[in-house]
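# Secondary and tertiary structure notes
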Amino acid sequence: MHSFEQYMPTKIVFGKEAELKAGTLAKEWQAKKVLLVYGGGSVVRSGLLGRVEAVLKAEGIEVEELGGVKPNPRMSLAKEGVKKAINSGADLVMAVGGGSCIDTAKAIAIAAAKPGTDLEEFWSGKVPIEKALPVGVVLTIAAAGSEMSDSAVLTNEETGKKAGAHSDLVRPKFAMMNPELMYTLPKYQLTCGIVDIMMHTMERYFTPVDGNELTDEIAEGVLRTVIRNGLKAYEDQQNYDALSEIMWCGSISHNNMTGLGRPKDFACHKLGHEIGGMFDEAHGATLSAVWGSWARYVYQIDIPRFAHFGRKVWGIEEVDDIKAALAAIEETEKFFERIEMPVCIGQMKTGVLEDDVLMQMADSATKGDTVELGSFKKLKKQDMYEIYK
Ligand code: NZQ
Ligand code: ZN
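Residues numbered from 1 in each chain as written. Chains lettered and ligands numbered in written order. Predicted model: local features only at pLDDT ≥ 70, side-chain atom pairs only at ≥ 80, totals over all residues. Heavy atoms only, no water.

### Side note on helix α10 (residues 267-279)
The condition that has to hold: Segments assigned H or I by DSSP are reported as helices when at least four residues long, segments assigned E as strands when at least two residues long, and all are numbered from the N terminus. Helices are assigned an expected span. That span is 1.5 Å times one less than the residue count. Burial classes: relative accessible area under 20% of the type maximum marks a residue as buried, over 50% as exposed, and values in between as partly exposed (1.4 Å probe, protein chains only). By the convention used here, residues are in contact when the closest approach between their heavy atoms is within 4.5 Å.
In this model, α10 (13 residues) spans 19 Å end to end at C-alpha, consistent with the 18 Å of a helix rising 1.5 Å per residue. Of all 13 residues in α10, 10 are buried; the element is thus mostly enclosed. Those residues of α10 that are buried lie in contact with β6 (151-156), β7 (161-166), α7 (187-205), α11 (283-298), α14 (355-365) and α15 (381-388).

Written out as structure tokens, the structure is:
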């Protein structure tokens, strides 16, 4: 086991009506004015935004709003939010939505804490993240795990580049998680979320360091749980217990509990972000589209690891490691297909991409072949291209 540090500052309030705690939680952070960040309208239609506003106002807290966050959230809207936060004097940013709203809220929290600095400078690394306003979350979808994570992913629509910024300072201070809020999710978003949760776990599972028993058991438990309950929720989206399990898996999968004591891989996320940034595809779908190709490209690096994954997660009984490893990859893809997720780029709305586009994405992901991605197998530009292909 490698040495590690773990920091989980997020207070979780989980269960029915959790969102009604928004006022008291904001008060714990001495908030006087909260900037509420939401998306394309689902929380307005469901009445959730109104409920959150009411409990904040009941505590004497003023409210500002920034709506219109899109999936694959845009840098330009976040910049608008920064202005709004500074001009209104907001002292807490609260996302009411999914990963896209949370990441926009985190970006606002970073730049509003340092007026006069362009948001992009934090993303390029030119300016370090040294402080941030507190961020709170009312989660409406289990997927990105941003409610406990240290990252915020934005798309710069001018360049088509999707990239993240990372800091413990943006880990949300509190997150309200009411599984009932997921009843209104479009099925496609539910299943994209299930894939993302699996991928946050698998990107930490297939790495060059073995011998982390507890971390492995947690990761395998998260995978079995999200797969089992993912199927239940896919069949019946009002299944509160299944949604509860999925929602909690989403947080555990990405707060690092599934990866302690070893490096991360995250090459599939890099492959996926290129597709998401360029073609505005849903994040989870970009991941299921590339995972099988990635796995077949790299599995020979550590066949016993893939075989172990197959036995522990999919219950594969095959004793031959190579056969078990290949069966595990197949089972994973079959599961993605069963919940109607793509298993290659051609199955996405983008459709089959020309060679030069694939090469362009491989080039962008590796910054012109100057950086290698992943840790299980370090991937160069040509490797990325082969996987896309
Ligand atoms: O915008 P509205 O109208 O709210 O609709 C949203 C959106 O269209 C809808 N939705 C969410 N909750 C709903 C709902 N519709 C009905 N009822 C509900 N309860 O779902 C759509 C997708 O929302 P989004 O916030 O984009 O989903 P998700 O949570 O999957 O977030 C994806 C984003 O997070 C990033 C992804 O790259 C992507 O940009 N990620 C962030 C990470 C992080 N910060 O740690 C890690 C992840 O790996 C990921 O990269
Ligand atoms: Zn993800």
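### Notes on the side chain of T140
Structurally, T140 is set in the loop between β5 (135-139) and β6. When sequence neighbours within four positions are dropped, the list of residues in contact with T140 reads V43, L48, V96, G97, G98, L181, M182 and L185.

### Quick look at the packing of α7 against helix α13 (residues 321-338)
Inclusion rule: Fitting a line to C-alpha atoms yields each axis, with helices limited to the stretch in contact; the angle taken between N-to-C directions then spans 0 to 180 degrees. An angle below 35 degrees is treated as roughly parallel, one above 145 as roughly antiparallel, one from 65 to 115 as roughly perpendicular, and anything else as oblique. By the definition used in this description, the sense in which the near helix is turned from the far one sets the handedness, with an anticlockwise turn below a right angle giving left-handed and a clockwise turn giving right-handed. Residues are grouped as follows: Ala, Val, Leu, Ile, Met, Phe, Trp, Tyr, Cys and Pro are nonpolar; Asp, Glu, Lys and Arg are charged; every other residue, Gly included, is polar.
Look at α7 against α13: their axes get within 11 Å of each other, and the N-to-C directions meet at 160°. One finds that α7 runs roughly antiparallel with respect to α13. Seen along the crossing, α7 lies across α13 with a hand that is left-handed. For the pair α7 and α13, the contacting residues are I194, V195, M198 and M202 in the first and T332, F335 and F336 in the second. When its residues are assigned to classes, the contact of α7 with α13 shows 6 nonpolar, 1 polar and no charged.

### Side note on the pairing of strand β2 (residues 33-38)
Put simply, the rule is: One requirement defines pairing of two strands: DSSP has to find at least two bridges between them.
Among the 6 residues in β2, 6 count as buried, and that is most of the element. Every second residue of β2 is oriented toward a common face, with K33, L35 and V37 on one face and V34, L36 and Y38 on the other, all of them buried. Bridging between β2 and strand β3 (residues 62-66) involves 5 bridges; their strand directions are parallel. Bridge pairing in β3 places V37 opposite L66. In the sheet, β2 pairs with strand β4 (residues 92-97) via 5 bridges, with the strands oriented parallel. When the sheet's bridge partners are listed, L35 is paired in β4 with V93.

### Some details on the site of ligand 1
Operational definition: The nearness test applies per residue and asks whether one of its heavy atoms lies within 4 Å of the molecule or strand. Here a polar contact is taken to be a pair of N or O atoms separated by no more than 3.5 Å, where protein atoms must pair a possible hydrogen donor with a possible acceptor and residues adjacent in sequence count only if both atoms sit in side chains. Accessibility throughout is a Shrake-Rupley quantity obtained with a 1.4 Å probe, and a residue counts as covered only by protein chains that appear here.
Around ligand 1 sit 32 residues in total, of which G40, G99, S100, S149 and H200 are the nearest. Between ligand 1 and the protein, one listed contact pairs an oxygen atom with a side-chain N or O atom of S149 at 2.7 Å. S151 places a main-chain nitrogen or oxygen 2.8 Å from a nitrogen atom of ligand 1. Within the complex, the protein chains bury 90% of what would otherwise be the 950 Å² of accessible surface of ligand 1. Broken down by class, the residue content of the shell around ligand 1 amounts to 10 nonpolar, 19 polar and 3 charged.

### A few points about the sheet that holds strand β1 (residues 11-14)
Ordered by their spatial adjacency, 6 strands build an open sheet running β1-β8-β5-β4-β2-β3, and the pairing between neighbours is parallel. Only two strands of the sheet have a single partner each, and these edge strands are β1 and β3. Looking at each pair of strands side by side, their axes are set apart by 20° on average, direction ignored. Here 5 bridges tie β4 to β5, and the two strands are oriented parallel to one another. If you follow G97 over to β5, its bridge partner there is L139. Here helix α3 (residues 48-58) sits on the sheet and contacts β2, β3, β4 and β5; the angle it forms with β2, its principal contact strand, is near 170°.

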